[in-house]
Amino acid sequence: METCLRGVVQQRPPTQGNLVMAMTLYQSDLSPFAARVRIQIRAKGIEGVAIEKAPGGTGSAEFRALNPTGKIPALLVDGVAIAESLTICDYLEDRFPEPPLWPTDLLARAHARTIARATDLYVCGPMFQTTGHASRKTRDEAFVAARMQDLKTGLAHIDAWRAAAGASGRYAVGDRLSLADAALAPALFFVVNFAARVFGQDDLLSTAMTAYWQGIQEDAVVAPTLSAMDAALTAARGG
Ligand SMILES: N[C@@H](CCC(=O)N[C@@H](CS)C(=O)NCC(=O)O)C(=O)O
């Protein structure tokens, strides 16, 4: 059983009317997109989600038969796979509305959605284009430098949206955990532990983002998910 979900997955499966809805989250502990969904599952106390690796592995023909992109996460609900982490979160939000993980104030909600989307597009986007350049031997330095600049710009945009939403504390928006944090915190894990470390980028996080990163690691829902990512990264690096 996944360490980060102990106490969550042991419970009964959710029901829809009288139908028992079996749900399986195909994922890995290291994926920031999967971590987003696990944070949501933990925050809502959703019961009965089986946590598994992609059958046949990501990108395999077997898994593509479920999710054509071959990417994790995918959420299997009664045999039908829902793809893309943000869509999975929207499904779970609709299905399990309490506690709401989008802010109830409409403007704050818009900012939270923007931050979640911007994290995907402008933080994870450029950052994960550089994974093939981790080795100095095969690295295209100019390509990496350009992506790091894009990443820095993306993070600065998020700072600006947080400021516009009046956010200055532990959470991305407002004073509660939201799906903006569920996107941003796991992405920042990679900014700190991959982009900054591997490419020697020590100026990616602004003062405001550094304070956010320090604070969100203390959140009781986020902390175990980040710990699971950390353990998976250590294992991937050979212990
Ligand atoms: N936009 C997707 C991104 C998912 C993604 O890139 N997943 C990676 C793991 S972090 C993956 O499955 N990579 C394997 C592959 O591309 O074959 C989402 O939000 O779910």
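Everything numeric here is computed off the predicted structure, so don't read it as measured data.

A. Up close: the environment of K152. The residue K152 is located in helix α5 (residues 141–164) in this model. K152 sits in the partly exposed class, given a relative accessible area of 30%. When the C-alpha positions of K152 and I88 are compared, they lie 27 Å apart, and in sequence the two are 64 residues distant. In this structure K152 touches D203 and L204, once residues within four positions along its chain are discounted.

B. Expanded view of the site of the ligand. In the vicinity of the ligand, the contacting residues are S31, P32, F33, T58, K71, I72, P73, E84 and S85. Within the contact set of the ligand, an oxygen atom lies 3.1 Å away from a side-chain nitrogen or oxygen of K71. Relative to its unbound accessible area of 510 Å², the ligand is 70% covered by the protein chains. One can see that the ligand is located within the largest pocket. Of the residues that constitute the shell around the ligand, the class distribution is 4 nonpolar, 3 polar and 2 charged.

C. Here's a closer look at the sheet that holds strand β4 (residues 49–52). The strand order β4-β3-β5-β6 describes an open sheet built from 4 strands, whose pairing is mixed. Two strands in the sheet have a free side with no partner beyond their single neighbour: β4 and β6 (80–83). With direction set aside, neighbouring strand axes in the sheet form an average angle of 25°. Pairing between strand β3 (residues 23–26) and strand β5 (residues 74–77): 4 bridges, direction antiparallel. The residue bridging Y26 from the neighbouring strand is A74, located in β5.

Cut-offs applied
Each chain carries its own residue numbering, running from 1 in the direction its sequence is written. This being a predicted model, a pLDDT of at least 70 is required before a residue's local features are given, and a value of 80 or more before pairs of side-chain atoms are given or counted; all residues contribute to the totals for chains, interfaces and linings. Side-chain metrics rest on all non-hydrogen atoms present in the structure, leaving aside hydrogens and water. We count a stretch as a helix when DSSP gives it H or I for four or more residues in a row; a strand needs E for two or more, and each element gets its number in order from the N terminus. The cut-offs for exposure are 20% and 50% of the maximum accessible area for each residue type, with area from a 1.4 Å probe on protein chains only; residues under the lower value are buried, those over the upper are exposed, and the others partly exposed. In what follows, a contact means two residues having at least one pair of non-hydrogen atoms within 4.5 Å. Near residues are defined by distance, with any heavy atom within 4 Å of the molecule or strand qualifying the residue. Distance and chemistry together define a polar contact, namely a pair of N or O atoms within 3.5 Å, with one atom able to donate a hydrogen and the other to accept it when in protein, and with adjacent residues in sequence counting only for side-chain atoms on both sides. Surface accessibility follows the Shrake-Rupley procedure with a 1.4 Å probe radius. Residue values consider only the protein chains on display as shielding. A 1.4 Å probe that fits but cannot get out identifies a cavity on a 1 Å grid over protein atoms alone, an open set with protein on both sides within 12 Å along at least five of seven lines counts as a pocket, and a residue lines either if it has an atom within 4 Å of a point. Being in a pocket or cavity means that more than half of the molecule's atoms lie within 2 Å of its grid points. The classification used treats Ala, Val, Leu, Ile, Met, Phe, Trp, Tyr, Cys and Pro as nonpolar, Asp, Glu, Lys and Arg as charged, and all other residues, Gly among them, as polar. Being paired, for any two strands, means DSSP has found at least two bridges between them. Every angle, taken between N-to-C directions, lies between 0 and 180 degrees, and every axis is a line fitted to C-alpha atoms, over only the stretch in contact when it is a helix.

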